[in-house]
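# Geometric and topological summary
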Amino acid sequence: MGKQPAAVVGIGQTHHRAKRQDVSMAGLCREAIDRALLDANLTLHDIDAIVVGKAPDLFEGVMMPELFLAESLGAAGKPLLRVHTAGSVGGSTAIVAASLVQSGVHKRVLTVAYEKQSESNAMWALSVPLPFNMPVHAGAGGYFAPHVRSYIRRSGAPTHVGAIVAAKDRNNALKNPYAHLHNEGTTVESVLASTMLWDPIRYDETCPSSDGACALVIVDEDTAKASPNPAWIHGTVMRSESTSAAERDQVNPQASRDAAAYLWKQAGITDPFEEIDAAEIYVPFSWFEPMWLESLGFAGEGEGWQLTESGETAMTGRLPVNCSGGVLSSNPIGASGMLRFGEAALQVRGAAGEHQVDGARRALGHAYGGGSQFFAMWVVGSEKPTS
Amino acid sequence: MTRTLSAPVTVAFDYTRSTGPVLGRFLTGLRDGVVVAGRTSDGEVVVPPLEYDPVTHEQTTDFVEVADTGTVTSWTWVPEPVAGQPFDRPFAFALVTLDGATKPLFHAVDVASPDQISTGMRVRVRWAEERVGHINDLLCLEPAADRDEAADGVAGEGRARPRLRDEAATELSRPGESDADGGDGPEPVTGVVTPVSLDYVYAASPEESTFYRGLDEGRILGQRCPSCQKVYVPPRSACPTDGTPTEGEIELSGLGTITTFCIVNVPFLGQKIEPPYVSAYVLLDGADIALLHLILGVPADEVRMGMRVKAVWKPREEWAYSLENIDHFAPTGDPDADYDTYKRHL
């Protein structure tokens, strides 16, 4: 027996902010959950199982937070799973939740992912010096900046392409009431004028540090009949690889290419650039837009930056990318991947509000994590998949 | 000589916690010298209050004050307390149902030996003198001679008691962003600081230990994967491609090529090197994987991909089992390496 059809019928997210000191971790999750359930016209009583995700425990200093959160998440008496794949976790958590429905095990699954970055300091948590080693690590920016430089060298991209991405996403975020950053008047010039943090990455080319959560309600075909606009899941994929291996391609990792190829095959897509109407791609540093465009097969090797530079990834382009403002505008790390998945679903449900792409029928949600080590992606569509 | 090297490492951070309105109410109560419980939809009176009702899943809004006296319902003895526990002498952890509550609170009971505590024993709260809105405001419980008459209150009819407020109380509380209590006392507690400190022993693998011992002798030792033939520096107990331990001993010269790099301009907590500095992947001649290290001896904006560099060692008397024995890499002055020689390492 093949996979059972599954659809997203409820999407909720918090207002993402630098500090959400008005809510606890449980309260943050519930803000997203309650919105998702309202959207789905369901209550916690209707839910069969709950899948929770968040990024490394050191970010809040709570080991196994699912233990103390269980009751608040409505999980008492129900299966509760926690998923953990670093920054991609929001995506892989949604995929695990979807698989519980696709397998026929459960009919109505709630999934939630969160991060309360204000309770700690992610830069510190990612750079704890280890004995015997050289203490040159400098957070996620320090990790990815050399690989961005490699991409620029390999592709010959003009050096302002990263700024184009940042200006685009920040302006898209103005259309998203939930986005953390609402920086009016961001331009390519203003991004280029911002402080160089991890050369070649500038301040305005980095994601913010956010508190926030996202929740999805994923249901079976029968339950989805009650929804006016379910987002059907057309394909899901996860792939992993070693962080550091001899001659590993850090710009265009094998796991990313393999994942994309399998995803398009599942969704029956042969030309993703033509067939995907909107993409929510995990871009924590601006240059990762052209990098992932290539890795995902939207552009040929070394040509991703041309799509960005020519405006094709803007809301008015042929492949709008990160209409929500993306990770560059809101980054509650554990939730960031689920936000990509949820925003993709909002697009095909026609429910993205001011940042809606007209007539979006198929959309990509994408997340990556670790040292470009974990990948999670899905394609959602307005029509039920035919196979 | 031990086979592997190990060293202590401490991971410590003062985490902050936003309490939210429910736990904030409980902690505000503790600061003010009262125990606030939450009533659930099925009539249970729970200390501390549950943030969300286990049956209706609604946020708890029904708060009641309960007594600071109660009854031990179960307990365990702690003969050898560890750091961070309420006492540095033996004590009991107990479940105590406070008078007026229906569910027990887990806390310490200050008794000198296990024969001084029993299930059914009456206890009372010992309050901290300086209270700040933290669970430790309730220092512990201690034996109470008898059931005192004030403890007969029914849940929900919380007794009036003097509200003890002190100056320290506001230190950890944050300006209320949600609903204030409308009273004229200090702001409600909305946050606490939770210091966490974990002590680990960091153990290097046998292969890594060989590498670090080599560094202590001024040598850079790599190993080869017997399956894929790639040379790893540091060596690995499992080649990431084949899962095979690397083997042999390949001494590398300390000459190499910068494949890619970033200039770190951003200061951050715990940083060991003052910015700006160049953090670079250095592909040592003869190795198949680049090392991350520091580049000095050249202005940061003159560092290039392909630049030839050499290891600059610290004075011998400063050597240890560490990659830090190599103080940094500096340009050799030779022409840059051809892109084709390192492009597959990007």
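Rules used in this analysis
- Residue numbers here run from 1 along each chain, matching the order of that chain's written sequence.
- To label them, take the chains in the order written and letter them from A, then take the ligands in the order written and number them from 1.
- Note on the predicted model: pLDDT of at least 70 is required for a residue's local features to be given, and 80 or more for side-chain atom pairs to be given and counted; whole-chain, interface and lining totals, by contrast, use all residues.
- In this description, a residue-residue contact is defined by the distance between C-beta atoms placed from the backbone, which must lie within 7 Å.
- Per the convention used, a helix needs a DSSP run of H or I reaching at least four residues, while a strand needs a run of E reaching at least two, with both numbered from the N terminus.
- Note that Gly is not counted as nonpolar here; it falls among the polar residues with everything else outside the nonpolar set of Ala, Val, Leu, Ile, Met, Phe, Trp, Tyr, Cys and Pro and the charged set of Asp, Glu, Lys and Arg.
- DSSP bridges decide pairing: two strands pair if at least two such bridges lie between them.
- Comment: burial labels come from other C-beta atoms within 10 Å of the residue's own C-beta, placed from the backbone, where a count of 20 or more is buried, 12 or fewer is exposed, and between is partly exposed.
- In this description, a line fitted to the C-alpha atoms serves as the axis of each element, helices being fitted only across the stretch in contact, and the angle between N-to-C directions of two axes falls anywhere from 0 to 180 degrees.
- The quantity called pLDDT is the predictor's confidence in a given residue, expressed from 0 to 100.

Turning our eyes to something else, we now look at the interface of chain A and chain B. Contact residues are listed per partner, giving 53 residues for chain A and 58 residues for chain B. Those elements that place two or more of their residues in the side of chain A that touches chain B are helix 1 (25-40), helix 4 (122-125), helix 5 (139-155) and strand 5 (196-199) of chain A. Element by element, the count of residues in the side of chain A that touches chain B is highest for helix 5 of chain A, at 10 residues. Each residue belonging to the side of chain A that touches chain B can be placed in one class, and the counts come to 23 nonpolar, 19 polar and 11 charged. As paired strands, strand 5 of chain A and strand 14 (residues 255-264) of chain B are joined by 2 bridges and run antiparallel to one another. By the bridge assignment for strand 14 of chain B, Asp199(A) is matched with Ile263(B).

Let us now look at unusual backbone geometry. Following Asp199(A), the chain continues into Pro200(A) via a peptide bond in cis, with omega recorded as 20 degrees. Among the structural elements, Pro200(A) can be located in the loop between strand 5 and strand 6 (201-202). That bond from Val47(B) to Pro48(B) is cis: its omega, -10 degrees, falls within 30 degrees of zero. Mapped onto the elements of the fold, Pro48(B) is located in the loop between strand 3 (45-46) and strand 4 (63-66). Here the phi dihedral of Asn322(A) falls at roughly 60 degrees; this positive angle occurs in a residue that is not glycine. Its location among the elements puts Asn322(A) in the loop between helix 12 (304-309) and helix 13 (333-349).

All names here are of chain B. With 4 of its 5 residues buried, strand 7 (residues 105-109) lies for the most part within the structure. Bridge analysis of strand 6 (residues 91-98) against strand 7 gives 5 bridges, and the strand direction is antiparallel. Residue pairing across strands places Val96 opposite Leu105, the latter belonging to strand 7. Where strand 6 hands over to strand 7, the hairpin turn is made up of 6 residues, of which Gly100 adopts a positive phi near 105 degrees.

To continue, consider the environment of Ala280(B). All names here are of chain B. Along the polypeptide, Ala280 turns up in strand 15 (residues 277-284). By the C-beta count within 10 Å, which is 28 here, Ala280 ends up buried. Linking Ala280 and Val298, residues 18 residues apart in sequence, is a C-alpha distance of 13 Å. Not counting the four nearest positions on each side in its chain, Ala280 is found in contact with Ile258, Phe261, His293, Ile295 and Val303.

Residues and elements named next belong to chain B. Spatially, the 3 strands line up as an open sheet ordered 12-11-13, and their pairing is antiparallel. Only two strands of the sheet have a single partner each, and these edge strands are strand 12 (231-232) and strand 13 (247-252). The pairing of strand 11 (residues 220-224) with strand 12 spans 2 bridges and is classified as antiparallel. In the strand pairing of strand 12, Gln223 is matched with Tyr232.

All names here are of chain A. As summarised here, the arrangement of the 9 strands in space is 3-2-4-7-1-8-11-10-9, forming an open sheet in which the pairing is mixed. With partners counted over all chains shown, the strands left at the sheet margins are strand 3 (80-83) and strand 9 (278-280), one partner each. Taking the axes of each pair of neighbouring strands and ignoring which way they run, one obtains an average angle of 25 degrees across the sheet. Across 8 bridges, the pairing between strand 8 (residues 231-240) and strand 11 (residues 374-381) is antiparallel. Within the sheet, the bridge partner assigned to Gly235 lies in strand 11 and is Val379.

This part is about the confidence of the model for chain B. Residue and element names in this part refer to chain B. Mean pLDDT for chain B: 88, with 88% of residues reaching 70 or above. Of the regions scoring below 50 in pLDDT, residues 149-183 engages in 69 contacts with residues more than four places distant in sequence or in other chains. Complex prediction metrics read pTM 0.92 and ipTM 0.92.

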